Amino acid sequence: MTLKDLRAGLRAGKNIAPDKNWLKSDREFLLSEISQAPENLLSTRKNFFINLRSLVQVSLKPVYVLGAFILVLLGASLFSHQLFINAKPNDSLYIARIISERAKLNTIFNSIQRDKLAAQFANEHAQEITAVLADPNFNNEDNKDQVAKLSASFNSEIDTVKDRVNRLVKGAAVPTATVAAPASSVEGEVAIAESSVNNVGVEVFESPAAGESGSAGTGLSGLSPVAITTTNAETSATATSPEETAVSETATTTPAADTEKILDDAKKLFEQKDYSETLNKLKEVDALINQDALNQ
Amino acid sequence: MANLVKKFKDKKTLARLENGHKETFIKVYDAYVSEIYRFVYFKVGHREEANDLTSTIFLKTWNHIRTNSLESAKTLRALLYKIARNAIVDYYRDAGTKSAVTDSLDNEAYPLEVIDITQDPQADMDRAAELEVVKKKLPLLKDEYREVIIMKFINDLSLEEIAEISGKSRGNVRVLIHRALNALKALVEEEKVKL
């Protein structure tokens, strides 16, 4: 008999049950016994507390607590921004909005997306500060300190937008550089090719450019089956014409320069207390940030 | 999730019992009477005594609930088994014997019924034969081994529940079950060799 058979035999023991007649009489006996005890009816309130206590007892386990904590954290980082979106710079909830925005930024791992969002947030803050300061009920002698603080915040937000836009442009320029990098930075390129002459192994060959520069080793072709191609850095760099480089530079730097110029203008207008024009300028920046050209 | 709901219901039942709710106790009786009966039956080996003891166990449980706090009880099932174990110990002590089960679980006057589930006569016969072997050899096992085998394989208790009832660690219970099963297997094979 195997352990499996043994287990099957033991499982058959589950079919053993008490006699039905005995069960019926015993139940009645038990009912009569417990009916002697005073009646204890549970009120709705007590029932509610029993349910609540049971739920707490069951859920108060480290794994559930940790799960709930992570859920709250994730939910807060993803949705709290929506909750505080209407908070203004002079509101007490504004700090909560800033925190939720930071949490949201920290959940974004793509640096380009993060920079774009950070620039958007900073620009929105600048716009809101402008809108608040444009309100004559707030911008008066009574709120002098707060106005001064908001003005300082405006400048720092403008600096943040500039910084993030510059990062965005740099980030967008990286892929162009990496495309050119292999030709310009790699000293030698190793290529393996089957010999077309004798169909035995591979042969070593040099590119004409490398031969001209004299940087590649000679005499290897007869000894080694590995073919080596060396590309000179200067030679390959000439593949991109100066005109092309200039064009591509203009294409990538223009939005940044534009943005910076508009931001400087906005700063000046803000100092001149021309808030409506400042807002217009900041909206232009918003449009530029959202432009695809800035991100690619 | 199902496990969580089960635990919640169990805690709720315990809390209601703590408040002396009679209807809840009757529900508990209906849910656990067969299981406790089986446990007692395989421990004492006689139907009549198993009937009396099962009845006593539920009365003791009711009295225990009314006079004690259930704060320490992790599950209702474990509480019932603990009371059942104590009742069986008391039964042996009163009877003046160390172990009532010495030969076989039942006598011929009370043949065990195997409930027909599959409607397959061959399967029923096989099951009855397997059960006969187990019934014959289970009483020969050490009390400790017999108890874990009943709880684990006949009444389907979890390792945690057995550990809670027996006051042992989960690891100890696992080892105990393994040894008990091997001991039972050895007894069954020994019987076959004799035949």
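All of these numbers come straight from a predicted model, not from anything done at the bench.

Draft legend 1. Representation of the overall build of chain A. Scanning chain A from N- to C-terminus turns up 12 helices and 2 strands. Going from the N terminus to the C terminus, chain A shows its helices and strands as α-α-α-α-α-α-α-β-α-β-α-α-α-α. Across chain A, the fraction of contacts at a sequence separation of at least 24, relative to all contacts at a separation of at least 6, is 62%. Of the roughly 18300 Å² of accessible surface on chain A, 59% is carried by carbon and sulfur atoms.

Draft legend 2. A look at the overall build of chain B. The helix and strand tally for chain B stands at 8 helices and 0 strands. Order of helices (α) and strands (β) in chain B, N terminus to C terminus: α-α-α-α-α-α-α-α. Within chain B, contacts between residues at least 6 apart in sequence are counted, and of these 67% link residues at least 24 apart. Carbon and sulfur atoms make up 52% of the accessible area of chain B, which amounts to about 9900 Å² in all.

Draft legend 3. The nonpolar core, seen in detail. Counting residues in each nonpolar core, the largest one holds 66 residues, and the members touching the most others are I36(B), F58(B), L138(B) and I149(B). With 13 residues, the top contributor of residues to this core is helix 2 (residues 22-44) of chain B. Residue contacts for I149(B): discarding those within four places in its chain leaves L10(A), L138(B), L141(B), I154(B), A180(B), L181(B) and L184(B). Among the nonpolar cores identified, the runner-up in size contains 23 residues, and I129(A), F138(A), I158(A) and V161(A) belong to it.

Draft legend 4. Broad picture of the confidence of the model for chain A. In this model, chain A carries an average pLDDT of 71, and 67% of its residues clear a pLDDT of 70 or more. Looking over chain A, one finds the lowest element-wise mean pLDDT in strand 1 (residues 189-190) of chain A, namely 39, and the highest in helix 2 (residues 20-34) of chain A, namely 91.

Draft legend 5. Representation of the confidence of the model for chain B. The pLDDT averaged across chain B works out to 81; a share of 81% of its residues lies at or above 70. Taken as a whole, residues 107-118 of chain B scores under 50 in pLDDT and shows 20 contacts with residues more than four places along the chain or in a different chain.

Draft legend 6. A look at the interface of chain B and chain A. Listed per partner, the contact involves 52 residues of chain B and 43 residues of chain A. Summing the contributions of chain B and of chain A, the shared interface buries around 4500 Å²; its carbon and sulfur component is 66%. Per-residue buried area on chain B facing chain A is highest for N19(B), K22(B) and Y29(B); these three make up 14% of the total on that side. Along the contact surface separating chain B from chain A lie 8 residue pairs in polar contact (both at pLDDT 80 or more). Taken together, the elements giving at least two residues each to the side of chain B that touches chain A come down to helix 1 (2-18), helix 2, helix 3 (47-67), helix 5 (121-137), helix 6 (143-154) and helix 8 (170-194) of chain B. The element that contributes the greatest number of residues to the side of chain B that touches chain A is helix 2 of chain B, accounting for 11 residues. In the side of chain B that touches chain A, the residues fall into 26 nonpolar, 8 polar and 18 charged.

Draft legend 7. Region of the structure containing a nonpolar patch on the surface. All names here are of chain A. A grouping of L66, F69, I70, L73, L74, L78 and F79 is seen on the molecular surface, where their side chains present a nonpolar patch of about 720 Å² in accessible area. Within the element layout of this structure, I70 appears in helix 4 (residues 62-83). In this structure I70 comes out as partly exposed when scored by relative accessible area, which is 42%.

Conventions we followed
- Here the residue numbers are simple positions, counted from 1 along each chain's written sequence.
- Throughout, the order in which chains and ligands are written sets their labels, letters from A for the former and numbers from 1 for the latter.
- In keeping with the model being predicted, local features are shown solely for residues with a pLDDT of at least 70 and side-chain atom pairs are shown and tallied solely at 80 or more, while totals for entire chains, interfaces and linings include all residues.
- In computing side-chain properties, one takes all heavy atoms of the structure into account and sets aside hydrogens as well as water.
- Secondary structure elements are taken from DSSP: a helix is a run of H or I of four residues or more, a strand is a run of E of two residues or more, and numbering for both begins at the N terminus.
- Here, residues are in contact when the closest pair of their heavy atoms is within 4.5 Å.
- Areas reported here follow the Shrake-Rupley algorithm with a probe of radius 1.4 Å; residue values treat only the protein chains shown as occluding.
- Only buried residues count toward a nonpolar core, which is a set of Ala, Val, Leu, Ile, Met, Phe, Trp, Tyr and Cys residues joined through side-chain atoms within 4.5 Å.
- Type-normalised accessible area, obtained with a 1.4 Å probe on protein chains alone, sets the label of each residue: buried when under 20%, exposed when over 50%, and partly exposed for intermediate values.
- Per-residue confidence from the prediction method is given by pLDDT, with values spanning 0 to 100.
- Buried area: the sum, over both parts, of the accessible surface (1.4 Å probe) that disappears when the two are put together.
- Polar contacts, as used here, are pairs of N or O atoms within 3.5 Å; protein pairs need one atom able to donate a hydrogen and one able to accept it. Residues neighboring in sequence count only if both atoms are side-chain atoms.
- Each residue receives one of three labels: charged for Asp, Glu, Lys and Arg, nonpolar for Ala, Val, Leu, Ile, Met, Phe, Trp, Tyr, Cys and Pro, and polar for the others, Gly being one of them.
- Surface patches are drawn from residues lacking salt bridges whose relative accessible area is over 30%; two like charges belong together within 9 Å, two nonpolar side chains (Val, Leu, Ile, Met, Phe, Trp, Tyr) within 5 Å.
- One speaks of a salt bridge when a side-chain nitrogen belonging to Lys or Arg is within 4 Å of a carboxyl oxygen belonging to Asp or Glu.

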